[in-house]
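# Observations on the model geometry
Each chain, written out:
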Amino acid sequence: MPVTLSILDLAPVAPGQTARESFEGSVRLAQAAERLGYRRVWYAEHHNMPTIASSATSVLIGYVAAHTSTIRLGAGGVMLPNHAPLTIAEQFGTLATIYPGRIDLGLGRAPGSDQVTMRAMRRDVTSSDRFPQDVVELQGYLQGQSRVPGVQAVPGAGTNVPLYILGSSLFGAQLAAALGLPYAFASHFAPDALFDAVATYRREFQPSEQLAEPYVMVGANVIAADDEDDAQKQFETVRRARVRGMLSRAPGTPDYTDAQIDAFLTTPNGQQIANMMKYTVAGTPPQVGRFLEDFAESTQADELIIAHHSQDIDNRLRSAELTAGVMQGAGA
């Protein structure tokens with residue numbers, strides 16, 4: 001059976017592009033994913049990042065859901081320590097009420113931002129310590145079995161929006177296993193603990209009302225193109241943009257040239273950033289297909305969630321099309 005494919009859409013804002021144009025691209029990508037047979041499209045909560053427009057994750061999900069019909073949409077993920085569990089239950093309960101059977105809720109405990117932005121969001125520095133308790137509280141609201149006497153999510157109670165735990169370490173794996181929830185590993189940008197975390201999750205998994213057996217999703221970056229050289233050039237552009245974005249967070253950062261970025265990538269710090277994209281393939285459909293099949297087999301993943309990383313939306317759409325075609329064994 002072909003491996004299940006899904007998409008992680010970071011709602012990228014390319015140079016010279018507006019956030020509105022990014023959202024329109026997200027609609028086009030979700031519509032293509034629906035047509036091509038992808039299982040779901042997820043959006044990630046990030047803040048104070050000029051190149052990522054998915055900060056109001058639930059709002060974006062609702063916008064895309066209104067322009068699609070059947071594909072599952074969700075958060076990959078909501079950074080729960082940034083929010084009150086009741087608020088997220090109400091938001092996703094609203095989405096599930098409007099679009100029943102189509103909404104997922106992936107949860108992470110990272111801030112999705114830097115330290116200064118955390119303070120601007122009024123986030124308590126210890127809030128991530130309460131992540132396990134917050135997940136259980138949120139789950140209770142969505143199940144209509146509130147853990148807080150006298151408080152219920154309206155709407156939300158009884159919608160049973162499926163929860164997923166996101167992680168890049170053993171902590172998330174252990175929590176997902178203990179709660180009997182699906183586990184999505186962020187190997188598209190944090191690859192190092194992938195195999196240990198997946199093994200821990202499968203070994204420690206406890207069945208739950210939501211899930212009888214372990215379910216693992218793993219992330220990969222893909223740039224599929226008709227021409228290998230074109231795919232490699234797109235990858236170089238994407239990698240430079242990622243490095244430039246990470247170096248440019250501080251005020252007054254110089255506008256680094258491509259040559260300076262390439263030189264930085266040869267340094268130990270640059271290689272560390274480059275390693276974040278370890279699980280990346282850029283090439284023709286056969287090359288992409290071989291990589292993804294090997295990746296799925298080595299991780300024993302139940303589902304691959306793919307970030308199609310091209311700055312141009314037409315290239316992302318083509319990558320999604322070529323990848324779906326080769327993984328379904330039908331060409332493109």
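Scroll up for the structure.
First things first, this report covers the structure right here in the doc. Predicted model, so just to flag it, every value in this text is computed and none were measured. (Residues numbered from 1 in each chain as written. Predicted model: local features only at pLDDT ≥ 70, side-chain atom pairs only at ≥ 80, totals over all residues. Heavy atoms only, no water.)

When helices and strands are counted, the protein chain shows twelve helices and nine strands. For 332 residues, the compact-globule estimate of 2.2 N^0.38 gives 20 Å, and the C-alpha radius of gyration of the protein chain, at 19 Å, lies within 12% of that figure. If one aligns the C-alpha atoms of the protein chain with their principal axes, the spans along those axes are about 60 × 50 × 40 Å. Looking at the protein chain as a whole, 51% of its 332 residues qualify as buried. Sequence-distant contacts, at least 24 apart, represent 72% of the contacts inside the protein chain between residues at least 6 apart. Only carbon and sulfur atoms are counted for the fraction: they give 52% of the accessible area of the protein chain, which is about 14900 Å². Computed over 25 positive and 34 negative side-chain charges, the inter-centroid distance for the protein chain is 3 Å. (Helix = DSSP H or I, 4+ residues; strand = E, 2+ residues; numbered from the N terminus. Rg over C-alpha atoms; globule rule 2.2 N^0.38 Å. Buried < 20%, exposed > 50% of the residue type's maximum accessible area, 1.4 Å probe, protein only. Contact = heavy atoms within 4.5 Å. Areas by Shrake-Rupley, 256 points an atom, 1.4 Å probe, with all protein chains shown as cover. Lys, Arg positive; Asp, Glu negative; His and termini not counted. Charge placed at Lys NZ, Arg CZ, Asp CG, Glu CD.)

Attention shifts here to helix α7 (residues 194-204). For α7, the set of buried residues is L194, A197, V198, T200 and Y201. Buried residues in α7, looked at end-on, bunch into an arc of 160°, giving them a common side. Structural note: α7 exposes D196 and R203 on the side pointing more than 90 degrees away from its buried face. Buried residues belonging to α7 abut α6 (170-179), β6 (183-185), β7 (216-224) and α11 (285-299). (Arc of directions from axis to C-beta.)

Taken as a whole and assessed by the stated rule, the structure comprises six aromatic pairs. Summarising the aromatic geometry, the rings of Y183 and Y201 are spaced 5.4 Å apart at their centres and angled 35° between planes, so their arrangement reads as tilted. Pair noted here: Y183 is in strand β6 and Y201 is in helix α7, with a separation of 18 residues, a long-range link. Take Y183 and Y201: they sit in the same class, and that class is buried. Ring centres of F291 and F295 lie 6.0 Å apart, and the angle between their planes is 25°; this geometry places the pair in the stacked category. Residue F291 and its partner F295 are both found in helix α11; the two are separated by four residues, about one turn of the helix. The class for F295 is buried, based on a relative accessible area of 4%. (Phe/Tyr/Trp six-rings, centres within 6.5 Å; stacked < 30°, edge-to-face > 60°.)

A few words now on the nonpolar core. Judged by nonpolar contacts, the single largest core of 84 residues is most densely connected at Y38, F92, L105, L107 and Y201. Leave out the neighbours within four places in its chain, and Y38 touches L5, S6, I7, A33, I71, H308, A320, T323 and A324. One finds I223, A225, M277 and A282 within the second-largest nonpolar core, a separate group that totals seven residues. (Core = buried A, V, L, I, M, F, W, Y, C linked by side-chain atoms within 4.5 Å.)

What follows deals with a negative patch on the surface. Negative charge collects at one region of the surface, where D227, E228, D229 and D230 lie side by side. Note on placement: D229 falls in helix α8 (residues 228-247). Classification of D229 as exposed rests on a relative accessible area of 53%. (Patch = residues over 30% accessible without salt bridge, like charges linked within 9 Å, V, L, I, M, F, W, Y side chains within 5 Å. Salt bridge = Lys/Arg side-chain N within 4 Å of Asp/Glu carboxyl O.)

Here we take up the side chain of S54. Here S54 lies in the loop between β2 (40-43) and α2 (57-65). A distance of 2.5 Å separates a polar atom in the side chain of S54 from the backbone oxygen of A44. Filtering out sequence-adjacent residues up to four positions away, S54 remains in contact with L10, A11, Y43, A44, E45, H46 and L60. (Polar contact = N/O pair within 3.5 Å; in protein donor to acceptor, adjacent residues only side chain to side chain.)

This brings us to unusual backbone geometry. In this structure, G77 follows G76 across a cis peptide bond, with omega equal to 5°. Relative to the helices and strands, G77 resides in strand β3 (residues 72-79). Residue P155 is bonded to the preceding V154 through a cis peptide linkage, with omega at -10°. Phi angles above zero are rare outside glycine, and N48 is one such case at about 60°. Position of N48 among the secondary structure elements: in the loop between β2 and α2. The residue Q300 is not glycine, and still its phi comes out positive at about 55°. Counting through the fold element by element, Q300 comes out in the loop between α11 and β9 (303-308).

With respect to the helices, strands and loops of the structure, I103 is situated in strand β4 (residues 103-108). Between the alpha carbons of I103 and A65 there is a distance of 9.0 Å; along the sequence they are 38 residues apart. Once residues lying within four places of it in the same chain are set aside, the contact partners of I103 are I61, R72, L73, F92, L95, A96, V161 and P162.

Now for the side chain of D134. With respect to the helices, strands and loops of the structure, D134 is situated in helix α5 (residues 131-143). Ignoring sequence-local partners within four residues, the contact set of D134 consists of L80 and P85.

Buried residues dominate β3, accounting for eight of its eight residues. The pairing of β2 with β3 spans four bridges and is classified as parallel. When the sheet's bridge partners are listed, Y43 is paired in β3 with A75. Regarding topology, α2 serves as the crossover connection from β2 to the parallel β3, and that connection is right-handed. Sheet analysis places β3 next to β4, joined by five bridges and oriented parallel. Residue pairing for β4: A75 is matched across the bridge by L105. Once the chain exits β3 it traverses helix α3 (residues 85-98) before rejoining the sheet at β4, and the crossover so formed is right-handed. (Pairing = 2+ DSSP bridges. Right-handed = clockwise from strand over helix to strand, strands pointing away.)

Functional significance is not addressed by these values, which are geometric in nature.
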